[in-house]
Amino acid sequence: MSHSTRIRPGYLVRQLSPALCVLLLATFSSPAVAQNPDQGTWRIYYEPSRERVQVTFEHYENGARRHGSTSFGVRPSELRGLPLSQLSSYSGPAKFQLVRDAGTFNFEGQLRDGVGTGFFTFAADSRFPQQLASRGYERPTADQQYWLAMHDVGYAMLDELRAQKYDRPSVNQLVVMGMHGANLDYMKSLSTAGHRVGDTRRLVTLRDHGVSRDFIGGLTDAGYKNLSLDDLQELRDHGVTPDFIASLRQFGFTGLTTNQLLEARDHGVTESFMEDFRDLGYKDLSLRDLVRMRDHGVTTGFARQQRSSDGRLVSVVDLIRRRDRGDY
């Protein structure tokens, strides 16, 4: 998902080569370019192990930054004019493109062993507004078209919205979807998992809350299948992850309902909490015992102090009673 960050003044200049700094300063101080909002600086970082290139844009308008930065990953093949051999080991000047349905980003700058920086310009596709109109959307403004291109909101995504019977969003809502990562891939991932949301605002909410394909798949592998979208969002919001479920299983807690999982997570029954009590000798605690002790502030340190002189463990009921009356 794209995001915005605050960049210290002069940061970008310090990251660029002296020659490129001169080129950038000349570009952004030029009166002709200063009237063009569709420009900025870029950075790329090639990650061979993931077969992806992380691209970061710094957006400018009239010579000043706007809207912070936007960063996302693309496949190396999406960068036209930049072959893999050049991307991975080349050092020197480079020119390449990222082509979207809404327009094309043209990059110029320097590369060194998979890391690059420079400036970009954006050329809107003149056919795009009419294509949106033919699908029942209003024509985008120049700014909207820029952001639709930036986040790859194109014809395939519009066609998928129609195929999945979503209510038709406004163009501004399409921009919001792109910015939040509620894109074509995300829609398809939910559909593959058996979920068709039908409402674009709900789709954005689910994406923002981290209800991802991996999260759904992890819950499915843990035995929690056919959960509703409301259940998935609630579990994600409360931090009930596949790893948390696995930690409970290590202590024999299997077949739990989603309400039991939420109760354990909300009340702070962590792996370390369970392990500390097991190491102290409490081998047969129920999940309810652990929740109650956590609620009443019964720690392993307190339980250790309350052991009888012959080393016998105090029952859970007595531990809670003693803790509530302030025994030490």
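Look up: the structure comes first, before these words.
Position labels on residues start from 1 in each chain and follow its written sequence. Restriction of local features to residues with pLDDT of at least 70 applies here, the model being predicted, together with a cutoff of 80 or more for giving and counting side-chain atom pairs; totals for whole chains, interfaces and linings are based on all residues. Here the side-chain values reflect all heavy atoms present in the structure, with hydrogen atoms and water set aside.

Asker: Hey, could you run me through the pairing of strand β1 (residues 39–47) in this one?
Answerer: Within β1, 7 of the 9 residues are buried, which leaves it mostly tucked inside the rest of the structure. Pairing between strands requires that DSSP locate at least two bridges from one strand to the other. Numbering of helices and strands starts at the N terminus; helices are DSSP runs of H or I of at least 4 residues and strands are runs of E of at least 2. Where β1 meets strand β7 (residues 115–124), 7 bridges bridge the pair, whose relative direction is antiparallel. By the bridge assignment for β7, Arg-43 is matched with Thr-117. Burial here depends on accessible area, computed with a 1.4 Å probe over protein chains only, as a share of the maximum for the residue type. Under 20% is buried, over 50% is exposed, and the range in between is partly exposed.

Asker: Would you mind going over the packing of helix α9 (residues 184–192) against helix α10 (residues 200–208) with me for this structure?
Answerer: Packed helices, taken two at a time, are described by the angle their axes make and the gap between the axes. Lines fitted to the C-alpha atoms define the axes, with helices restricted to the stretch that makes contact. Angles between their N-to-C directions range from 0 to 180 degrees. Closest axis-to-axis distance for the α9/α10 pair is 11 Å, and the angle between their directions is 90 degrees. Accordingly, the angle class assigned to the pair α9 and α10 is roughly perpendicular. Along its contact with α9, which presents Tyr-186, Met-187 and Leu-190, the element α10 presents Leu-203, Leu-206 and Arg-207. Only Asp, Glu, Lys and Arg are considered charged in this grouping, and only Ala, Val, Leu, Ile, Met, Phe, Trp, Tyr, Cys and Pro are considered nonpolar; every other residue, Gly among them, is considered polar. For the contact of α9 with α10, a count of residues per class yields 5 nonpolar, no polar and 1 charged. Orientation is classified from the angle alone, with under 35 degrees giving roughly parallel, over 145 giving roughly antiparallel, 65 to 115 giving roughly perpendicular, and any other angle giving oblique. In what follows, a contact means two residues having at least one pair of non-hydrogen atoms within 4.5 Å.

Asker: What should I look at first to understand the side chain of Gln-306 in this one?
Answerer: Structurally, Gln-306 can be placed in the loop between α17 (300–305) and α18 (316–324). Its relative accessible area of 9% is what places Gln-306 among the buried residues. Polar contacts involving the side chain of Gln-306 include one to the side chain of Arg-322, which spans 3.1 Å. Not counting the four nearest positions on each side in its chain, Gln-306 is found in contact with Val-314, Leu-319, Arg-322, Asp-327 and Tyr-328. Any pair of N or O atoms that falls within 3.5 Å is considered a polar contact. Within protein, one atom must be able to donate a hydrogen and the other to accept it, and sequence-neighbouring residues count only if both atoms are side-chain atoms.

Asker: Help me understand the packing of aromatic side chains in this model?
Answerer: Both the distance between ring centres and the angle between the ring planes are used here to describe each pair of aromatic rings. By convention, a stacked pair of Phe, Tyr or Trp rings (six-membered ring in the case of Trp) has centres within 6.5 Å and planes under 30 degrees apart, an edge-to-face pair has planes over 60 apart, and any other such pair is tilted. Considering all chains together, one arrives at 16 aromatic pairs under this definition. Here Phe-57 and Phe-72 contribute two aromatic rings whose centre-to-centre distance is 5.7 Å and whose plane-to-plane angle is 35 degrees, an arrangement assigned as tilted. Of this pair, Phe-57 sits in strand β2 (residues 52–61) while Phe-72 sits in strand β3 (residues 64–74), and the two are 15 residues apart along the sequence. Its relative accessible area of 0% is what places Phe-57 among the buried residues. By relative accessible area, which is 13% here, Phe-72 ends up buried. Aromatic rings pair up to connect Trp-42, Phe-57, Phe-72, Phe-96, Phe-105, Phe-107, Phe-120, Phe-122, Tyr-146 and Trp-147 into one cluster. Over the face of the ring belonging to Tyr-137 we find Arg-168, whose NZ or CZ atom lies 5.6 Å from the ring centre. Residue placement shows Arg-294 over the ring face of Phe-273; its charged tip is 5.4 Å from the ring centre. Only Lys NZ and Arg CZ are tested; either one counts as a charge over a ring when it is within 6 Å of the ring centre and within 35 degrees of the ring normal.

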